Amino acid sequence: MQLTVVIPTYNEAENLPKLVSALFALPVESLKILVVDDNSLDGTGQLAEQLAQTYPGRLEVLHRPGKLGLGTAYIQGFRYAIAAGAEAVGQMDADFSHPPEKLPLLLDALKSCDIAIGSRYVPGGSVDVDWPLWRKGLSAFANFYARTILSLPLRDVTGGYRVWRAEALSGMPVESIRSNGYAFQVETAYVAYRLGYTFQEIPIYFADRRWGISKMSFRIQREAARRVWQMLYEHRRLRRKG
Ligand SMILES: Nc1nc2c(ncn2[C@@H]2O[C@H](COP(=O)(O)OP(=O)(O)O)[C@@H](O)[C@H]2O)c(=O)[nH]1
Ligand SMILES: [Mg+2]
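All of these numbers come straight from a predicted model, not from anything done at the bench.

Q: Quick question: what am I supposed to make of the pattern of salt bridges here?
A: Opposite charge on two side chains permits pairing when their charged atoms draw close. Tallied over the full model, the rule gives 12 salt bridges. Close ionic contact of Glu14 with Lys18 constitutes a salt bridge, the shortest N to O distance being 3.7 Å. Ionic contacts of the salt-bridge type, sharing partners, join the residues Arg178, Glu187, Arg227 and Glu234 into one network.

Below is the structure:
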């Protein structure tokens with residue numbers, strides 16, 4: 001299967017070249033990378049252009065004029081990858097929180113499901129050992145909260161390390177996905193579940209970013225918590241297929 005991994009970037013100059021090398025070193029046939037950069041101030045966009053020259057035909061870059069949010073970056077990247085003929089579409093952060101070496105396992109899982117999810121909350125998965133207790137608690141609670149309200153049969157609903165079958169992704173009503181920040185992962189998982197798509201969770205160790213700063217804040221968390229109730233309402237008429 002031709003896999004295209006979409007990587008949204010905002011100020012990831014330290015991480016991106018390393019991640020790209022790690023990905024292209026994997027035993028994954030016909031792997032492509034699509035970087036969606038939001039005019040990063042640290043030159044990530046130009047770096048990505050250089051990488052596109054280094055890996056002609058294997059790495060492409062979409063440039064957007066400013067920081068327009070993770071959700072719209074993914075939607076734009078997904079559309080582009082599908083239009084370009086990808087059979088599987090991956091999504092991952094640029095900051096090494098999502099272990100590249102798990103990608104072959106995620107891809108392999110697509111043989112028996114529609115969406116493979118790199119999961120911190122299944123046996124064998126875990127979060128950064130150096131995270132303070134409050135941060136671990138917050139992440140565990142956010143998952144419990146979203147999973148319970150939405151009745152999602154998934155352990156890790158907030159994680160953004162996923163590989164989709166292209167047909168499943170093209171079947172998603174992306175115009176009705178309103179979350180643009182952290183809730184985007186929850187909303188796409190919820191809509192996919194309501195449409196009857198199947199999941200498989202592959203354990204991962206989620207390491208905190210090695211370089212650069214996280215954009216997480218309590219304001220963002222509170223907004224995401226509100227969004228969960230809104231999406232429950234907004235997608236109430238979506239039905240499983242069949
Ligand atoms: N294109 C784009 N990428 C973004 C935006 N916000 C975050 N990202 C990227 O999305 C990924 C996840 O963001 P990150 O800051 O690591 O989130 P955190 O680990 O939860 O703090 C990283 O690859 C970021 O560079 C955005 O507005 N636009
Ligand atoms: Mg991160």
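Q: Help me understand the packing of helix H7 (residues 183–194) against helix H8 (residues 218–234) in this model?
A: Running from amino to carboxyl end, H7 crosses H8 at an angle of 20 degrees, the nearest separation of the two axes being 10 Å. Comparing the axis directions of H7 and H8 gives the class roughly parallel. Crossing of H7 against H8: the hand is right-handed. Contact with H7, carried on its side by Ala183, Val186, Glu187 and Tyr190, involves Ala224, Arg227, Val228, Met231, Leu232 and Glu234 of H8 and no other residues of that element. Looking at side-chain class alone, the contact of H7 with H8 contains 7 nonpolar, no polar and 3 charged residues.

Q: Please clarify how the sheet that holds strand S2 (residues 31–37) should be interpreted in this entry.
A: Strand pairing in a sheet takes place through backbone hydrogen bonds and is either antiparallel or parallel in direction. Taken in spatial order, the 7 strands of this open sheet run S3-S2-S1-S4-S7-S5-S8, and their pairing is mixed. One side of each edge strand has no neighbouring strand; the edge strands of this open sheet are strand S3 (59–63) and strand S8 (199–203). Each neighbouring strand pair of the sheet contributes to a mean axis angle of 20 degrees, computed without reference to strand direction. Sheet topology places strand S5 (residues 115–119) next to S8; 5 bridges connect them, and they run parallel. Note that in S8 the partner of Ser119 across the bridge is Pro203. With respect to the sheet, helix H1 (residues 16–24) is in contact with strand S1 (3–9), S2 and S3, its orientation differing from that of S2 by roughly 165 degrees.

Q: What am I meant to see in the nonpolar core here?
A: The tendency in soluble globular proteins is for nonpolar side chains to be buried side by side. Counting 39 residues, the largest nonpolar core has Phe78, Leu150, Trp164 and Met172 as its most contacted members. Where this core is concerned, the elements lending two or more residues are S2, helix H3 (70–83), S5, helix H5 (133–149), helix H6 (166–170), H7 and H8. Considering every element that reaches this core, the biggest residue donor is H7, with 8 residues. With residues near it in sequence (within four places) discarded, Trp164 still touches Phe78, Glu87, Ala88, Val89, Gln91, Leu110, Asp114, Ile115, Leu169, Met172, Thr188 and Ala192. Residues Val20, Leu23, Val61 and Ala88 belong to the second largest nonpolar core, which totals 34 residues.

Q: What is the right way to look at the packing of aromatic side chains in this model?
A: The geometry of two aromatic rings is summed up by the distance between their centres and the angle between their planes. Per the stated rule, a full pass over the model turns up 6 aromatic pairs. Plain terms: the ring middles of Tyr74 and Phe78 are 5.4 Å apart, the flat faces sit at 25 degrees to each other, and that makes the pair stacked. Of this pair, Tyr74 and Phe78 both sit in helix H3, 4 residues apart, roughly one helical turn. Taken as a pair, Tyr74 and Phe78 share a single burial class, namely buried. Here the aromatic rings of Phe141 and Tyr145 are separated by 5.8 Å at their centres, their planes lie at 45 degrees, and the arrangement is tilted.

Analysis parameters
Residues numbered from 1 in each chain as written. Chains lettered and ligands numbered in written order. Predicted model: local features only at pLDDT ≥ 70, side-chain atom pairs only at ≥ 80, totals over all residues. Heavy atoms only, no water. Salt bridge = Lys/Arg side-chain N within 4 Å of Asp/Glu carboxyl O. Axes fitted to C-alpha atoms, helices over the stretch in contact; angles between N-to-C directions. Helix = DSSP H or I, 4+ residues; strand = E, 2+ residues; numbered from the N terminus. Parallel < 35°, antiparallel > 145°, perpendicular 65-115°, else oblique. Left-handed = near helix turned anticlockwise from the far one by under 90°. Contact = heavy atoms within 4.5 Å. Nonpolar A, V, L, I, M, F, W, Y, C, P; charged D, E, K, R; others polar. Pairing = 2+ DSSP bridges. Core = buried A, V, L, I, M, F, W, Y, C linked by side-chain atoms within 4.5 Å. Buried < 20%, exposed > 50% of the residue type's maximum accessible area, 1.4 Å probe, protein only. Phe/Tyr/Trp six-rings, centres within 6.5 Å; stacked < 30°, edge-to-face > 60°.

Interpretation in functional terms is not warranted from these geometric data alone.
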